[in-house]
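Coordinate analysis (summary)
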Amino acid sequence: MRIRIGLLALCICGVLSACGSQGDPGDSPYRLGQAVGISETETVCTVDGREIQGWQYLYWLRQALARNADANAAREEALMDAALYAAVEDLASQYGLTVSEEEIAERWEAQSRAGLDRSREETFLRTELLYEKLRGACEPGGALWPGEETIEAMAREWGIVRIDRILLPVGEDRTAAKRRAEECFVRLNSAEDQGELFTALARENGDAAGPRNLTEAGFNEELSKAAGALNIGQLSGILETEEGFSILRRLPPEREPLLDAWLDETLQRKARSAEIRLSDAARSLDPAALAGVLSGS
């Protein structure tokens, strides 16, 4: 599985600026609605019983058309956006998360305009705020916290293995470099706080890159294999390569991007399994009409 960090966050939180951009296909949702036979005020579909109005669907459709040359793909993408927004609303309701009118008003003052009337913009603002609250609930102790085991499993599945390294370069004296590595290893094994000492020694000894993901570390095969076998907090032995003597330590994965990705996957899975019922207008939407919008005809 490929990690998709913040994908849905960009979709949810970026919708308002995207909707207000100029030069999108169809120029306006009203004209786009005329082209495809959908009214702004009708219900075009329900997602697990939640009604999606024409103006919402037309905004998502306009964005999808701007990204997609394939009219059928744009139509499906707009429906997926509808399902994602409904998933945010449903999951927030499930966990008792709400947004106050004061929070909406505050965000309204801070948010750049999106070319919508206020009541419609507030619909998107509410979903944006609910998404942020869901993300907050993913933190440790929150109602949606997936647990350390899940975070660790995700990190391994996606190849996110964070490593720090003490490096004693060979320089002109390999024997002296080996002796310094052995001294570091002895100190680490007797340290009261091994992690703190390791960090200090890593800063002092040679590897300026600092902690990073194994895929970005530039290690040779031997070091990569040793790093991948470590558990979180575990040290390797002293590893000898041409450049010098290394001691590796596996660090916990950076939690924030993994939680972003976990929430996005949760919402996308919910959206994919949603029951979507289309109106006659949405069901009969003509891909040729969308192709005409794309071509400007």
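Residues numbered from 1 in each chain as written. Predicted model: local features only at pLDDT ≥ 70, side-chain atom pairs only at ≥ 80, totals over all residues. Heavy atoms only, no water.

1. Quick look at the layout of surface pockets
Defined as follows: A 1.4 Å probe that fits into a set of points on a 1 Å grid over the protein atoms alone but cannot get out defines a cavity; an open set with protein on both sides within 12 Å along at least five of seven lines defines a pocket, and lining residues are those with an atom within 4 Å of a point. Grid points are joined across faces, edges and corners, and a volume is the space filled by probe spheres set on the points. Note on conventions: DSSP H or I runs of at least 4 residues are helices, E runs of at least 2 residues are strands, and numbering of each starts at the N terminus. Gly is placed with the polar residues, together with every amino acid not listed as nonpolar (Ala, Val, Leu, Ile, Met, Phe, Trp, Tyr, Cys and Pro) or charged (Asp, Glu, Lys and Arg).
There is about 150 Å³ of room inside the second largest pocket. Those elements that provide at least two residues to the lining of the second largest pocket are β2 (50–53), α4 (54–67), α5 (71–94) and α7 (118–136). Looking at the lining of the second largest pocket, its residues break down into four nonpolar, three polar and three charged.

2. Some words on the sheet that holds strand β3 (residues 162–169)
Stated precisely, the cut-off is as follows: A pair of strands is treated as paired once DSSP finds two or more bridges between them. The contact rule is simple, with two residues in contact once any of their heavy atoms fall within 4.5 Å. Interaxial angles span 0 to 180 degrees and are taken between N-to-C directions of axes, which are lines fitted to C-alpha atoms, for helices over the stretch in contact.
Ordered by their spatial adjacency, four strands build an open sheet running β4-β3-β6-β5, and the pairing between neighbours is antiparallel. Lying at the two open borders of the sheet, with one neighbouring strand each, are β4 (212–213) and β5 (239–240). Note: β3 against β4, two bridges, orientation antiparallel. Across the sheet, Ile-163 pairs through a bridge with Arg-212, a residue of β4. Lying on the sheet, helix α11 (residues 221–228) is in contact with β3, β5 and β6 (244–251); it crosses β6 at an angle near 30°.

3. Some words on helix α12 (residues 255–272)
The test is simple: Multiplying 1.5 Å by the helix residue count minus one yields the expected span of that helix. Think of it in three bands: residues with accessible area under 20% of the maximum for their type are buried, residues over 50% are exposed, and the middle band is partly exposed, with areas taken using a 1.4 Å probe on protein chains only.
With 18 residues, α12 extends 25 Å between its outermost C-alpha atoms, agreeing within 8% with the 26 Å of an ideal straight helix rising 1.5 Å per residue. Among all positions of α12, only Leu-258, Leu-259, Ala-261, Trp-262, Leu-263, Asp-264, Glu-265, Thr-266, Leu-267, Gln-268 and Ala-271 are buried.

4. Considerations on the packing of aromatic side chains
We count it as follows: Here a pair means two rings of Phe, Tyr or Trp (six-membered ring of Trp) with centres within 6.5 Å. Their orientation is stacked below 30 degrees between planes, edge-to-face above 60, and tilted elsewhere.
What the rule picks out here adds up to five aromatic pairs. Arranged with centres 6.0 Å apart and planes meeting at 65°, the rings of Trp-60 and Phe-124 form a pair that is edge-to-face. With Trp-60 in helix α4 and Phe-124 in helix α7, this residue pair connects regions lying 64 residues apart in the sequence. Between Tyr-85 and Phe-124, the aromatic rings sit 5.8 Å apart at their centres with planes inclined by 70°, giving edge-to-face as the arrangement.

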